[in-house]
Amino acid sequence: VSPSVVVDCFCRISGGAAGTVEGFSRQFRNAKDEMQLWYRTGQAAYQLGRKLYLNGSVERAEENFAEATDYFSQLVNHFPTDPLAASSNYYLGNIAALKGQHHEALARFQEIVAKWPKSEFVARSRFKIGESYEAMGQFDQAADAYVLLTYHHPDDANVPTAMIRMMNYYARSE
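Not measured: the values here are computed from a predicted model.

A. Structural context of the overall build of the protein chain. When you go through the protein chain residue by residue, the secondary structure sums to 7 helices and 2 strands. For the protein chain, the succession of helices and strands along the chain, N to C, is β-β-α-α-α-α-α-α-α. Classification of the 174 residues of the protein chain by burial places 36% in the buried group. Here the analysis covers contacts within the protein chain between residues at least 6 apart in sequence; of these, 42% occur between residues at least 24 apart. For the protein chain, the exposed area adds up to about 10,300 Å²; of that, 52% sits on carbon and sulfur atoms.

Okay, structure coming up:
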């Protein structure tokens, strides 16, 4: 195998003694192809897991989240400067938030803003930062996150929701 070719192999054995053995191998001409596959596979597992989770099938959702987490984590670790790393980190944050791991989710979303400031996921991450702070009962920090969203990304689709949340917060504080 030449250094520019990445090979991924696995073997599946099923059905016991009377079963079958299936071998599978794929070769990538470059690392970009491998990264794209990790991203698409992770995204598919995330979307399926999210739907299962929202429909109450938590155990099955966890399996898909674990698969998505594996693919997204590999992508972030192996290709940290690629724009897909920001997107992968965003999905990792969403998985953590859905599982109630708001500190981890917050760290993921904050990392996107800090590490990939030009990413299309920065505005969405600022909104998710606010949601994470709200989920942890830290409403001052949530309001600050929403202010940053509205200031830096006034045309983002989440701005109206952020403004309503800020108004509700400030109305409660008075």
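Structure's up, so let's keep going.
B. Here's a closer look at the packing of helix α6 (residues 139–152) against helix α7 (residues 159–173). The interhelical angle for the contact between α6 and α7, taken along N-to-C directions, is 145°, at an axis separation of 9 Å. Of the two possible hands of crossing, α6 and α7 adopt the one that is left-handed. Counted together, F139, D140, A143, Y146, V147, L149 and T150 of α6 and V159, A162, M163, R165, M166, Y169, Y170 and R172 of α7 form the full contact between these two elements. Here the contact of α6 with α7 is built from residues that sort into 11 nonpolar, 1 polar and 3 charged.

C. Seen up close, the nonpolar core. Among the nonpolar cores identified, the biggest contains 41 residues, and Y46, F72, L75, I112 and I129 are the most heavily contacted of them. Considering every element that reaches this core, the biggest residue donor is helix α3 (residues 83–98), with 8 residues. If sequence neighbours within four positions are ignored, I112 has contacts with A86, N89, Y90, P117, F121, V122 and S125.

D. View of the packing of aromatic side chains. Overall, the coordinates contain 13 aromatic pairs when judged by the stated rule. Between the aromatic rings of Y39 and Y91, the centroid separation amounts to 6.5 Å while the plane-to-plane angle is 55°, which identifies the pairing as tilted. Placement of Y39 in helix α1 (residues 31–54) and of Y91 in helix α3 is noted, with a sequence separation of 52 residues between them. By the burial criterion, Y39 is buried, and Y91 matches it. Aromatic side chains Y90 and Y91 sit 5.9 Å apart centroid to centroid with 75° between the ring planes, which places their arrangement in the edge-to-face category. There is no split in this pair, since Y90 and Y91 are both buried.

E. Layout of the pattern of salt bridges. The full count for this structure, using the stated rule, is 7 salt bridges. Between R124 and E120 there is a salt bridge, and its shortest N-O distance comes to 3.5 Å. For R124, a relative accessible area of 29% corresponds to the partly exposed category. In this structure, E134 engages R165 in a salt bridge whose closest nitrogen and oxygen atoms are separated by 3.2 Å. Of this pair, E134 sits in helix α5 (residues 122–135) while R165 sits in helix α7, and the two are 31 residues apart along the sequence. Owing to a relative accessible area of 25%, E134 belongs among the partly exposed residues under this scheme. Put simply, K128, E131, E134 and R165 are held in one network by salt bridges that share partners.

F. Quick look at the environment of K115. In this structure, K115 sits in helix α4 (residues 102–115). Residue classification places K115 among the partly exposed positions, given a relative accessible area of 45%. Through-space distance from the C-alpha of K115 to that of A86 is 8.1 Å; in sequence the pair is 29 residues apart.

G. Seen up close, α1. Compared with the 34 Å implied by 1.5 Å per residue over 24 residues, the 34 Å span of α1 between its first and last C-alpha is a close match. Within the span of α1, buried status applies to E34, M35, W38, Y39, G42, A45, Y46, G49 and L52.

H. Layout of the environment of A96. Position of A96 relative to the elements: it lies in helix α3. Among the residues examined, A96 registers a relative accessible area of 1% and is labelled buried. On a C-alpha basis, the gap between A96 and F65 in space is 9.3 Å, while along the polypeptide they are 31 residues apart. With residues up to four places along the chain from it excluded, the contact list for A96 reads Q101, E104 and A105.

What counts and what doesn't
Once a new chain begins, its residue numbering starts again from 1 and follows that chain's sequence as written. Local features in a predicted model are, by the rule used here, given only for residues with pLDDT of at least 70; side-chain atom pairs are given and counted only at 80 or more, and totals for whole chains, interfaces and linings are based on all residues. To obtain the side-chain values, all non-hydrogen atoms of the structure were used and water was disregarded. Think of it this way: any DSSP run of H or I at least four residues long counts as a helix, any run of E at least two long counts as a strand, and we number them from the N terminus. Burial classes: relative accessible area under 20% of the type maximum marks a residue as buried, over 50% as exposed, and values in between as partly exposed (1.4 Å probe, protein chains only). It only takes one pair of heavy atoms within 4.5 Å for two residues to be counted as in contact. Areas reported as accessible are Shrake-Rupley estimates using a 1.4 Å probe. Residue values count occlusion only from the protein chains shown. Every axis in this analysis is a line fitted to C-alpha atoms, fitted for helices over the stretch in contact. Angles between the N-to-C directions lie between 0 and 180 degrees. Handedness of a helix crossing follows the sense of rotation of the near helix relative to the far helix, less than a right angle counterclockwise being left-handed and clockwise being right-handed. Residues are grouped as follows: Ala, Val, Leu, Ile, Met, Phe, Trp, Tyr, Cys and Pro are nonpolar; Asp, Glu, Lys and Arg are charged; every other residue, Gly included, is polar. Nonpolar core, defined: a set of buried Ala, Val, Leu, Ile, Met, Phe, Trp, Tyr and Cys residues in which side-chain atoms within 4.5 Å join the residues together. Side-chain rings of Phe, Tyr and Trp, where Trp is taken by its six-membered ring, are said to pair if the distance between their centres is within 6.5 Å; with planes under 30 degrees apart they count as stacked, over 60 as edge-to-face, and otherwise as tilted. The term salt bridge refers to a side-chain nitrogen of Lys or Arg lying within 4 Å of a carboxyl oxygen of Asp or Glu. Each helix should span, by expectation, one fewer than its residue count multiplied by 1.5 Å.

Functional significance is not addressed by these values, which are geometric in nature.
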